[in-house]
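Analysis of the macromolecular model
The residues making up each chain are set out below.
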Amino acid sequence: MEMHFTDENFATEVEQSKGVVVVDFYAEWCGPCKQQGPIVEKLAEEYAGKAKIGKMDVDNSPITGQKFDIMSIPTLIIFKDGKQVGDSMIGLQQASKLKATIDSLL
């Protein structure tokens, strides 16, 4: 099951977390985000117990979105042991690309 990250739980669930965490920054009104959602949900199921994968609504959690300079959504950021790895992935991402990136970090 995917996580729902918020400004309130981001430090605990992402920045202080060991291992791989994938955060999908999105908004309810965003068309491409609606396409990204099912991909993220499927990955969350597939990587349960291996990586933490979830979503963060930038409208409901603006502080974290600003902290990571989220200008376009969807934007996916991958963290390992609390630190961002690689560049932010802006726009709709295919499952195969995300899986390859996650697998390389596990």
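Quick summary incoming for the structure in this document. In every chain, residue numbers begin from 1 and rise along the written sequence. Given that this is a predicted model, residues contribute local features only at a pLDDT of at least 70 and side-chain atom pairs are listed and counted only at 80 or more, while totals for whole chains, interfaces and linings are drawn from all residues. Side-chain metrics in this entry use all non-hydrogen atoms of the structure; hydrogen atoms and water are not considered.

One finds Phe10, Val23, Phe25 and Phe79 to be the most contacted residues of the largest nonpolar core, which totals 17 residues. Secondary structure elements follow DSSP: runs of H or I of four or more residues count as helices, runs of E of two or more count as strands, with numbering from the N terminus. Residue assignment for this core shows that the elements contributing at least two residues are helix 1 (10–15), strand 2 (20–26) and strand 4 (75–80). Element by element, the count of residues in this core is highest for strand 2, at 4 residues. In these notes, a set of buried Ala, Val, Leu, Ile, Met, Phe, Trp, Tyr and Cys residues joined through side-chain atoms within 4.5 Å is what counts as a nonpolar core. Exposed residues in this analysis have more than 50% of their type's maximum accessible area, buried residues have under 20%, and partly exposed residues fall in between, with area computed by a 1.4 Å probe over protein chains only. Counting 15 residues, the second-largest nonpolar core is a separate cluster that includes Val22, Ile39, Ile53 and Leu105.

Here we take up the packing of aromatic side chains. Pairs were defined over the aromatic rings of Phe, Tyr and Trp, the Trp ring being its six-membered one, requiring ring centres within 6.5 Å. Orientation was assigned from the angle between planes: stacked under 30 degrees, edge-to-face over 60, tilted for the rest. According to the stated counting rule, one finds 4 aromatic pairs in the structure shown. Measuring from ring centre to ring centre gives 6.3 Å for phenylalanine 25 and phenylalanine 68, while their planes differ by 45 degrees; the resulting arrangement is tilted. Taken together, the residues span a long stretch of sequence, with phenylalanine 25 in strand 2 and phenylalanine 68 in the loop between helix 3 (62–67) and strand 4 at a distance of 43 residues. You'll find phenylalanine 25 and phenylalanine 68 in the same group, each marked buried. One aromatic cluster is present, formed by Phe10, Phe25, Phe68 and Phe79 through successive ring pairs. Either the NZ atom of lysine or the CZ atom of arginine qualifies as a charge over a ring when it sits within 6 Å of the ring centre and within 35 degrees of the ring normal. Here lysine 55 stacks its cationic end above the ring of tyrosine 26, 4.6 Å away from the centre of that ring.

Spatial relationships are all this shows, so hold off on functional conclusions.
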